[in-house]
Amino acid sequence: MLRPSPAPAPALRSVLAALGSPTAVREPRTPALRAAQGPLSPEHPLPVHVLDVTGAPALTPRTRLSGWRFLIHNGDRAIAAADTMLTPDGWTFSHFFEGPYVSATERALLQAEALPVTYRPRLLSVPELYMLTLWLQAGSEADGTTVAPAAADLMVPLAPAPPGIAAHRPYQVADLLPVLSTRLAPPPLLGSPAPA
């Protein structure tokens, strides 16, 4: 079961304004929006966090809130997404996009809705691995600014996932974060002793 966080009102307003703008909707990279018949609606707002793995693999990774993403529905399915970002003037529309992560996000949300535990959904980006996960937060934190995944949280890598990581499979944080930390750790310097 999911308990979504409410999106900041300015973020939603900026997406609604962009949907009403002929120039924003007609961007070359969003043909699905240009071809859509009928009303478009922003749904399933998700805070987007970026994973920051710095230092040794044993250190706890931290996250930072980088934006909010809305799935853009045409009828009963998502055909694109809209990202917002925080600027000195507040939340503002960033861009529309489409591609595999739109349908993968929708699929992962449906999977998570069937889980017996209540989770707060978020997206967690790992840019260095070209990876996006649905982060299912088990805690009660409500403002979307969590700094680190907790042991009770789940992560569901979205397709396409990096080699060796199964897409749409829920992972315990304790199982997936060490794999990500190891992949993101800098390689040892030439001539340095091998780890024991």
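Look above for the structure.
Residues numbered from 1 in each chain as written. Predicted model: local features only at pLDDT ≥ 70, side-chain atom pairs only at ≥ 80, totals over all residues. Heavy atoms only, no water.

Caption draft 1: Representation of the nonpolar core within the structure. Counting 20 residues, the largest nonpolar core has Leu 123, Leu 134, Leu 136 and Leu 158 as its most contacted members. Those elements that provide at least two residues to this core are β1 (40-52), β3 (77-87), α4 (100-113), β6 (131-137) and β7 (154-157). Sequence-distant contacts of Leu 134, defined by excluding residues within four places in its chain, comprise Ala 108, Leu 109, Ala 112, Pro 121, Arg 122, Leu 123, Leu 154, Met 155, Val 156 and Leu 158. Within the second largest apolar cluster, 17 residues are counted, among which are Ala 11, Ala 36, Ile 79 and Trp 91. (Core = buried A, V, L, I, M, F, W, Y, C linked by side-chain atoms within 4.5 Å. Buried < 20%, exposed > 50% of the residue type's maximum accessible area, 1.4 Å probe, protein only. Helix = DSSP H or I, 4+ residues; strand = E, 2+ residues; numbered from the N terminus. Contact = heavy atoms within 4.5 Å.)

Caption draft 2: Inspection of helix α1 (residues 9-19) at higher detail. For α1, the full list of buried residues reads Ala 11, Ser 14, Val 15, Ala 18 and Leu 19. Buried residues of α1, seen end-on, are gathered within an arc of 140 degrees and therefore sit on one face of the element. Opposite the buried face of α1, by more than 90 degrees, sit the exposed residues Arg 13 and Ala 17. (Arc of directions from axis to C-beta.)

Caption draft 3: Just the side chain of Ser 5, in detail. For Ser 5, the location among the structural elements is in the segment before α1. Polar side-chain contacts of Ser 5 include one of 3.4 Å to the side chain of Arg 120. Among the polar contacts made by the side chain of Ser 5, one reaches the side chain of Arg 122 at a distance of 3.2 Å. (Polar contact = N/O pair within 3.5 Å; in protein donor to acceptor, adjacent residues only side chain to side chain.)

The values are spatial; any link to function lies outside them.
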